[in-house]
Each structure stands twice: as C-alpha cells, then as structure tokens.
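# Report on the structure
As a plain string of letters, each chain reads:
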Amino acid sequence: MSKDLQEYRAQYLARIKSQLLGADLGNAGATDLVMQSALLRAHSLVSSLDLQDIDYLRDMNGAALENYLQQAGNRARFEQQLASAGVMPSIVSSAAIMAGVADSPTAMSAVAGSAPAMTAIVGNAPITNLLLGNATAMKAVAASAVAMVAVIASPAAMAVVAVSSTAMAAMAASTTGMAALLANASAWTSVVSSPVAMAAVATSSTAMSVLLANLSAWAIVVSSPTAMAALAASSSAMAAVVASSAAMAAVVASSVAMTAVAASSIAMSAALASPAAIAAVVASPVAMAAVAGSSTAMNAMAASQAVMAAVVVTPAALAAVVASLAAMTAVATSSVAMAVMVASSAAMAAASLSSVAMTAIASTAMASVIASPTAMAAVLASPTAMAAVVASQPAMTVVAASAATMSALLSSAVARAAIWASATALAAIQNAPSAVLDALQTHPQVSMMNNNPSNLTAVFVSGKSMTLRVKNASGNDTNYMRTLAGGSGAGDDVFTTTNAWAPRVRAYNNLCHYTWTSNFPFQAYVVNMN
C-alpha cells in the first residue's frame, strides 16, 4: 500500500510500464491496441504530473537531498526536471529549494552542468548570492565549464564573485574555474581589481600555476596595484612568481609591480632567495628605482653581500641607490653593505658625487670609510663628499680621532677648503685627542708662527689658514688676531694665552697678530688651508 502520492505515482507508472513492455504487439488485436494506447496515454500523463511535482524538494535540506539523489531513479528524475523548460525555472527561482540544492554536491553538480539552469540562476540576484556564498555550491560551479560560462557572461554575477571570499576560494582552487576567468578579459579585470579575489588567487597554488602560464593575464596583474599587493603579501605566491623567469621579466619591467614587491618584506625575501630573480631586479632600472625608494627593500638588499656586490657593478642599479636617501640609509647602517661599498672604487666614486649618499654615510658609516684607502681616495677628491663629511658631527668626530685620517685631509686641497668653511669640522678638530694634534704639528701644511709681537703684525699666511694650538713663550697675554673667516665667522679674534700649548682651532683669512697686551713672544701652529 502506498504511503503518499509520490509513491503511488511511482508504483502506478511501474505497473503500466510493465504491462506496456509485456504486451505482444505483433499478435495484438484491435481491442488490445486500444488498451495499449490508453495505457500509454495514462503513463505519459502521470509522468508529466510526476515531472512537474517539485514539492518534494521543498521538504529536504542538503543532507536529505544528497541522500535522496544517491538512488539512480531519483537522480534521473531530478535531472529530467532540470532539463524541462517548464519545470526548471520553478526549481532555480525558489530560495527554499535552492538552499537545499546548494548544500548537496550531487544536486549542485547537476545544476552546474545545466546551461539553462545556470543562465536562469545568474539572472536571479538572490539565488546567485545564495550560491556564491556557499562553498559546496561554488565548488561545483567552479568545476563546471558550463556553469563558468554562465557566471562569466553575467557582469552582475562577476561583481559578486569578485568580492566573495567563498566564491573566489572555490574558483581559485579549480583549474576549470581559473581557466574560464583568465579567458574572459572583463571577468579577469573584475578579479584583478578586487583585494578579496586576488587574496584567494595568491593563496592558491592551483590558481597561481594557471595564472603564471598565461602571460596575457599576468600582464594585467603586474599593472594592478591591488593585485600586486595581494601577491606580494603571500609567500607562496611570490615563491611561484620568482620561480618563473617569464613572470619575473614582467614584474621587473613594471613600476607598479615593483613598488608592491619593494614594499613587502615577504616579497623581497622571496626575491632574495632566488639568484635569478634578484639578478633580474638588479639588472632592471625600473625595478631598482622602486627598490631604492623603499627602506623595506633596501634593508633586505643591504644585508646580502652577494646582492650588494651585484649592485656596485651595475651602473644603473648603483646610480639608483646612491641617489636615494632610503637606500643609502640602509646601506650606511649595514656593515655588510658598507664593506662592499668601500671596497669598490666605482661605488665610492658614485657615492662621493652624491650629497644624498654622503650625508647618509657621514652620519653612521665614516669608520668604514676611513678604514678603506679606496673609499678615502674618492671622498678626498670630491667637494660634494667632503661637504657632507664636514657638516656631520658624527663623521668629524670619527675623522678627528684619527691622526692618519686628519693628515690625509690636510693633504687634500678639497678637504682643506671644506674644513676651513665648516664650524662643525673646526669644533671637532678643536676637541681632537692631543695625540692627533701632536701628529699634525709636523704636517707639511703646518708651520709655526714664532716671533716677537712686534714682528707679527704682518700677514703670516695669505688667504686661508687655520690655527691648531697657541701659547706664549712666557707669561700670560691677551692676543688679537685677525681676520676670522670661514667656519669661524668674521671679525677679530681676541683670546688669552699662557706659556702652555692650548688647542685653538680657528679659521682665518690673511692671518696676522695685530696687537697684544704684554710683550711676550707669541707662538701658534698654523695650517695653510689654501
């Protein structure tokens, strides 16, 4: 006995089918044929009623529907209903039915394989949103080329897909889904412009594999700040990118892409882990412009001896670095980077011509410079470099503490001119260790002013000069020197001396001792700074 109308119809149809198929039409009489015709019409009518009955779907959740569809007959009936132009719209437009369908892998597979069903779904915003927010449903959609054609053809559907992490996670995990997205320029543009979508792509090895094999699609990615930011934030995505020479070629040629890479420690770590990738970066002026402008990128680069060695032998890369404060700050604060820089005449030649580079070096890395004959030679020959050095109190403190370095500076006309004009430099030398001043007294540029006061009113050094130490041969005296100039300002210099040598580092123009209080012989060590 039947328990419900659906079961009754199933039993009725089975009985009629059995009778129809059991009939011997070859020997049937007229009466038999009339009866068979009636049975055939009855089967068609009841079958039609059964096909149109979708109430059973309303009563099942996803689990129940999935269990129901495991029986071949039930699955065939559901697929017939989806294939029926008169029945399918009622199914896919019902939120109650589609909520269960979305949770059933078998039901969704059937729906996703039906072009009419998918076309109807993407035209219904509520149902589209329901499916796109359901992981089970989206897995089936992304795996179906038929479903993907319908989704991609709908700008409204794609707009929702691109901002749905659930939808994009499913598509990114499917080679079919990704291939469909990449094949449609409009759809792919929607994905590339969405942080949510690109985050899903970046974290999927399947998506990245498909993407990097499609250079046309990749070209769109490297021109998008949104897309590149998502990739640069993903270690797995960047590992895939740097492993592809074609992908890296596009990245290093794009200022947009390199700006994102340079701003990301994750991306830079990936690049630095690949000799081929970092070589491509260093060889690209576009890439190095972005890297040099990023402290994140340059801190990473400066920590690598191999990378810095490549930079200093690549003129464009070196030029970008020495022109950037961010880059040179990273270099100057890295012992690894400075070791490479000071050992390279090309690097130091470039740096010594850049006020930006030398300002950074002077503030933190003068110890490395003065320890290198190569670096010192470049610095001493460059007015730009020396201007930065003498303007830096940290640099001059280091310089003034070294007798050898001070001797080298006084041997350089460029360095002497810079020191003479700098109050910072004069103050540092004033406070230099006694041993340094002792050593400088015998420098070829130094001579002693050693005469009775009455003989000192003439100009002792024409042009630029600098005193190192002063004293009286005996007793105390007030002395008047002129004319202060350069880093010491202007006017007369009045000071008291004793019979002990005392540091007095001052810059003068046309130095003379023009008057005094007591008639004691006056002495001074004077550097000719011309």
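Here we summarise the structure given alongside this text.

Cut-off values and rules
- Residues numbered from 1 in each chain as written.
- Predicted model: local features only at pLDDT ≥ 70, side-chain atom pairs only at ≥ 80, totals over all residues.
- Heavy atoms only, no water.
- Helix = DSSP H or I, 4+ residues; strand = E, 2+ residues; numbered from the N terminus.
- Buried < 20%, exposed > 50% of the residue type's maximum accessible area, 1.4 Å probe, protein only.
- Contact = heavy atoms within 4.5 Å.
- Areas by Shrake-Rupley, 256 points an atom, 1.4 Å probe, with all protein chains shown as cover.
- Salt bridge = Lys/Arg side-chain N within 4 Å of Asp/Glu carboxyl O.
- Polar contact = N/O pair within 3.5 Å; in protein donor to acceptor, adjacent residues only side chain to side chain.

## Here's the deal with the overall build of the chain
In terms of regular secondary structure, the chain is built from 41 helices and six strands. Burial statistics for the chain: of 530 residues in total, 48% are counted as buried. Looking at the chain alone, contacts between residues at least 24 apart form 72% of all its contacts between residues at least 6 apart. Split by element, the accessible area of the chain, about 22,000 Å² in all, is 59% carbon and sulfur.

## Side note on the pattern of salt bridges
Enumeration over the complete set of coordinates arrives at three salt bridges. Across the pair arginine 469 and aspartate 438 runs a salt bridge, and its minimum N-O distance is 2.6 Å. With arginine 469 in strand S2 (residues 461-472) and aspartate 438 in helix H41 (residues 434-440), this residue pair connects regions lying 31 residues apart in the sequence. Residue class for arginine 469 comes out buried when judged on its relative accessible area of 9%. Between aspartate 493 and arginine 504 there is a salt bridge; the shortest N-O distance is 2.6 Å. Here the residue aspartate 493 occupies a position in strand S4 (residues 491-497), and arginine 504 occupies one in strand S5 (residues 502-516), the gap between them amounting to eleven residues. Judged by its relative accessible area of 5%, aspartate 493 falls in the buried class. Overall, arginine 504 belongs to the buried group, its relative accessible area being 15%.

## With respect to the side chain of asparagine 472
Summarising the element assignment, asparagine 472 is placed in strand S2. Engagement of the side chain of asparagine 472 in a polar contact is seen with the side chain of threonine 497, the distance being 2.5 Å. The residues touching asparagine 472, leaving out its near neighbours within four places in the chain, are Asp477, Asn479, Thr497, Thr498, Asn499, Phe520, Pro521 and Phe522.

## Re unusual backbone geometry
Cis geometry marks the peptide bond from arginine 482 to threonine 483; its omega dihedral reads 0 degrees. Following the sequence through the fold, threonine 483 ends up in strand S3 (residues 477-484). Phi is positive for asparagine 510, close to 50 degrees, though the residue is something other than glycine. On the basis of relative accessible area, asparagine 510 is assigned to the partly exposed category, the value being 34%.

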